[in-house]
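Inside the fold
In case you want the letters, here they are:
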Amino acid sequence: MVIRLFSWTAFPLVLGASLAWALAWMHAGVAPYRAFALPLVAANLFVAVCERLLPMHRSWLRSRGDVHVDGGLALSVALVSAILGRVITPLGAGAAMSYASVLGGDVWPSGWPLLVQLVLALVVAELPKYWAHRLEHEWAPLWRIHATHHSAQRLYWLNAGRFHPLDAALDYGLGVGTLLLLGCGDAVIALFVLVSGVHGVFQHANLPLRCGPLNWFFSMAELHRWHHAPDTERSNHNYGQNLIVWDVVFGTRYLPAREQPGDAVG
């Protein structure tokens, strides 16, 4: 009963608590780019501890000599994101202001409630990220970069950051960069980064997660494990990073009803 309850509630509760924490800090005057940091760290620690207690596959608990690799790549992703953030934020904001003046108003609906803007940001940013991820699987030059992520021999919380720096730069530029160009505000972008981080660690977690109807919106672990399957017939699906909606639109969502992925990934 405890495992079943955990499986169905862990992701939505932690995601909701993380958003509430960040929003409370913003309301208290903490800068958006700082408000998401501690909730994101706490979510990672929560998943890391829970994996030891309730693993999906006990074979994934054993190190394959990958912890230092995953840790190093995760740090490089954080560094790339920080550098790109400083570079593209003023450029994107300037571009948004320039064509807003031409159009006679802002493109981004900044007057909408913050959480509604967040949902819109997730959907909009996912579209270019979806096609980039799909091309990484279908075009050899990009696959050479993305293969770093799929070289993992198991799925666990830390390999959510197992990305080549160029892959991380492409993903950040297409996601956050797109939102900046549309004139999205700092608070929404901070929440977008928080959702991406919390979702990513649960997406790769070695936990028995179940999402039910949410599997038609989020690209959560039940879907993403198929994306890491060792055969391309199954793995060339479920390209969404945060959301599965564009996979639904373009016919690449894959979640068989009577089959479960094993512990082999590659």
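Above this text you will find the structure in question.
The following paragraphs examine the structure supplied in this document. What you see is a predicted model, and the numbers here were worked out from it, not measured in a lab. (Residues numbered from 1 in each chain as written. Predicted model: local features only at pLDDT ≥ 70, side-chain atom pairs only at ≥ 80, totals over all residues. Heavy atoms only, no water.)

Topic: the overall build of the chain
Tallying secondary structure elements over the chain gives 11 helices and 0 strands in all. Here the C-alpha radius of gyration of the chain, 18 Å, is about what a compact globule of 266 residues would show, namely 18 Å. Referenced to the eigenvectors of the C-alpha coordinate spread, the extents of the chain come out at roughly 55 × 45 × 35 Å. Buried positions account for 46% of the 266 residues belonging to the chain. Long-range contacts, defined here as pairs at least 24 residues apart, represent 73% of the contacts in the chain between residues at least 6 apart. Surface exposure of the chain reaches about 12,700 Å², of which carbon and sulfur atoms provide 69%. If you average the places of the 17 positive and of the 16 negative side-chain charges in the chain, the two averages end up 7 Å apart. (Helix = DSSP H or I, 4+ residues; strand = E, 2+ residues; numbered from the N terminus. Rg over C-alpha atoms; globule rule 2.2 N^0.38 Å. Buried < 20%, exposed > 50% of the residue type's maximum accessible area, 1.4 Å probe, protein only. Contact = heavy atoms within 4.5 Å. Areas by Shrake-Rupley, 256 points an atom, 1.4 Å probe, with all protein chains shown as cover. Lys, Arg positive; Asp, Glu negative; His and termini not counted. Charge placed at Lys NZ, Arg CZ, Asp CG, Glu CD.)

Describing the environment of L214
Relative to the elements of secondary structure, L214 occurs in the loop between helix 8 (186–203) and helix 9 (221–227). Its relative accessible area of 33% is what places L214 among the partly exposed residues. Linking L214 and A168, residues 46 residues apart in sequence, is a C-alpha distance of 26 Å.

A word on unusual backbone geometry
Not every positive phi belongs to a glycine, and N238 is a case in point at roughly 55 degrees. Looking at the secondary structure, you find N238 in the loop between helix 10 (232–235) and helix 11 (245–250).

What about the layout of surface pockets?
Computed from the structure, the second largest pocket encloses a volume of approximately 200 Å³. Lining of the second largest pocket is provided by M56, R210, N215, E222, R225, W226, L255, P256, A257, E259, Q260 and P261. Residue composition of the lining of the second largest pocket, by class: 6 nonpolar, 2 polar and 4 charged. (1 Å grid on protein atoms, 1.4 Å probe; cavity = no way out; pocket = protein on both sides within 12 Å on 5 of 7 lines; lining within 4 Å. Points joined across faces, edges and corners; volume = space filled by probe spheres on them. Nonpolar A, V, L, I, M, F, W, Y, C, P; charged D, E, K, R; others polar.)

Focus: the pattern of salt bridges
Using the criterion set out here, one finds 6 salt bridges in the structure. Across the pair D171 and K129 runs a salt bridge whose closest N-O atoms are separated by 2.7 Å. Here D171 is found in helix 7 (residues 165–181), whereas its partner K129 is found in helix 5 (residues 114–138), with 42 residues between them in sequence. In this structure D171 comes out as partly exposed when scored by relative accessible area, which is 27%. With relative accessibility at 6%, the residue K129 sits in the buried group. In this structure, R134 engages E138 in a salt bridge whose closest nitrogen and oxygen atoms are separated by 3.2 Å. (Salt bridge = Lys/Arg side-chain N within 4 Å of Asp/Glu carboxyl O.)

Concerning the side chain of S219
In this fold, S219 is placed in the loop between helix 8 and helix 9. In terms of polar contacts, S219 uses its side chain to reach the backbone carbonyl oxygen of G240, at 2.8 Å. (Polar contact = N/O pair within 3.5 Å; in protein donor to acceptor, adjacent residues only side chain to side chain.)

So yeah, pure geometry; function would need other evidence.
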